[in-house]
Amino acid sequence: MDELAITVKIADRPYRMTVKAEEEEVIRKAARLINEKITEYANTYAFNDNQDLLSMVSLWFSTTSLKAQTENRTDHDDLITDLKTL
C-alpha cells in the first residue's frame with residue numbers, strides 16, 4: 001500500500017500527516033467539510049475563538065453521525081424483518 005505525506009488545513013492551521021493513498025481524497029474532503037462548517041458557524045453565531053467553532057463543528061458532526069447510525073440500524077432491522085416475511 002502506498003502512503004502519501006499530505007498537509008490539510010483546518011481552521012487556518014496546517015496538519016501534516018501520512019495517509020494511505022486510497023484515503024487521501026476522503027481526508028481532504030473531510031477537511032474541506034470541516035472548514036465549510038466552521039465558516040457557516042462563524043457567520044451565524046457569536047464566538048470567542050476558533051476553539052468555540054471547532055467544538056460546535058465537532059458536536060454537529062457527532063450528532064449527524066449518531067443519527068445516521070440509528071437510521072441505518074432501523075433500516076437494517078426493517079430489511080431483516082421483510083426478508084423473514086418473504
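In what follows, the structure referred to is the one given above.
This report concerns the structure included in the present document. Treat the numbers as computed from the prediction; the structure is a model and nothing was measured. Within any chain, residue numbers begin from 1 and follow the written order of that chain's sequence. A pLDDT threshold of at least 70 governs which residues receive local features in this predicted model, and a stricter bar of 80 or more applies before side-chain atom pairs are shown or counted, although totals over entire chains, interfaces and linings include all residues. The side-chain quantities take in all heavy atoms of the structure and omit both hydrogens and water.

Focus on the packing of aromatic side chains
Here the aromatic set is Phe, Tyr and Trp, taking the six-membered ring for Trp, and pairing holds for ring centres within 6.5 Å; pairs whose planes are under 30 degrees apart are stacked, those over 60 apart are edge-to-face, and all others are tilted. Overall, the coordinates contain two aromatic pairs when judged by the stated rule. Its guanidinium or amino end placed over the ring of Trp-60, Lys-37 lies 3.9 Å from that ring's centre, counting from NZ or CZ. Comment: the charge-over-ring label is applied if NZ (Lys) or CZ (Arg) is within 6 Å of the ring centre and within 35 degrees of the ring normal.

A short note on the pattern of salt bridges
Any carboxyl oxygen of Asp or Glu within 4 Å of a side-chain nitrogen of Lys or Arg constitutes a salt bridge here. Scanning the entire structure with this criterion turns up two salt bridges. The partner of Arg-28 in a salt bridge is Glu-24, and the shortest N-O contact between them spans 2.9 Å. Highlighted residues: Arg-28 and Glu-24, both in helix α1 (residues 24-44), separated by four residues, approximately one helical turn. For Glu-24, a relative accessible area of 23% corresponds to the partly exposed category. Helix and strand definitions follow DSSP, with helices as H or I runs of at least four residues and strands as E runs of at least two, each counted in order from the N terminus. Between buried and exposed lies partly exposed: a residue is buried under 20% and exposed over 50% of the maximum accessible area for its type, with that area taken using a 1.4 Å probe on protein chains only.

Digging into helix α2 (residues 50-85)
With 36 residues, α2 should reach 52 Å at 1.5 Å per residue; the first-to-last C-alpha distance of 52 Å fits that figure. Near the N-terminus of α2, the side chain that reaches the backbone nitrogen of Gln-51, with its oxygen 3.1 Å away, is that of Asp-49. Take the residue count of a helix, subtract one, and multiply by 1.5 Å to get its expected span. The definition of a polar contact used here is a pair of N or O atoms within 3.5 Å, where within protein one atom must be able to donate a hydrogen and the other to accept one, and adjacent residues in sequence count solely through side-chain atom pairs.

Thoughts on the nonpolar core
One finds Ile-6, Val-8, Ile-10, Ala-11, Val-19, Ala-31, Ile-38, Tyr-41, Leu-53 and Val-57 forming the largest nonpolar core, which totals ten residues. Elements with a contribution of two residues or more to this core: β1 (3-10), α1 and α2. What makes two residues a contact is simply this: any of their non-hydrogen atoms within 4.5 Å. For Val-8, the contacting residues outside a window of four places in its chain are Arg-13, Pro-14, Tyr-15, Met-17, Ile-27, Arg-28 and Ala-31. For this analysis, a nonpolar core means a set of buried residues of the types Ala, Val, Leu, Ile, Met, Phe, Trp, Tyr and Cys, connected via side-chain atoms within 4.5 Å.

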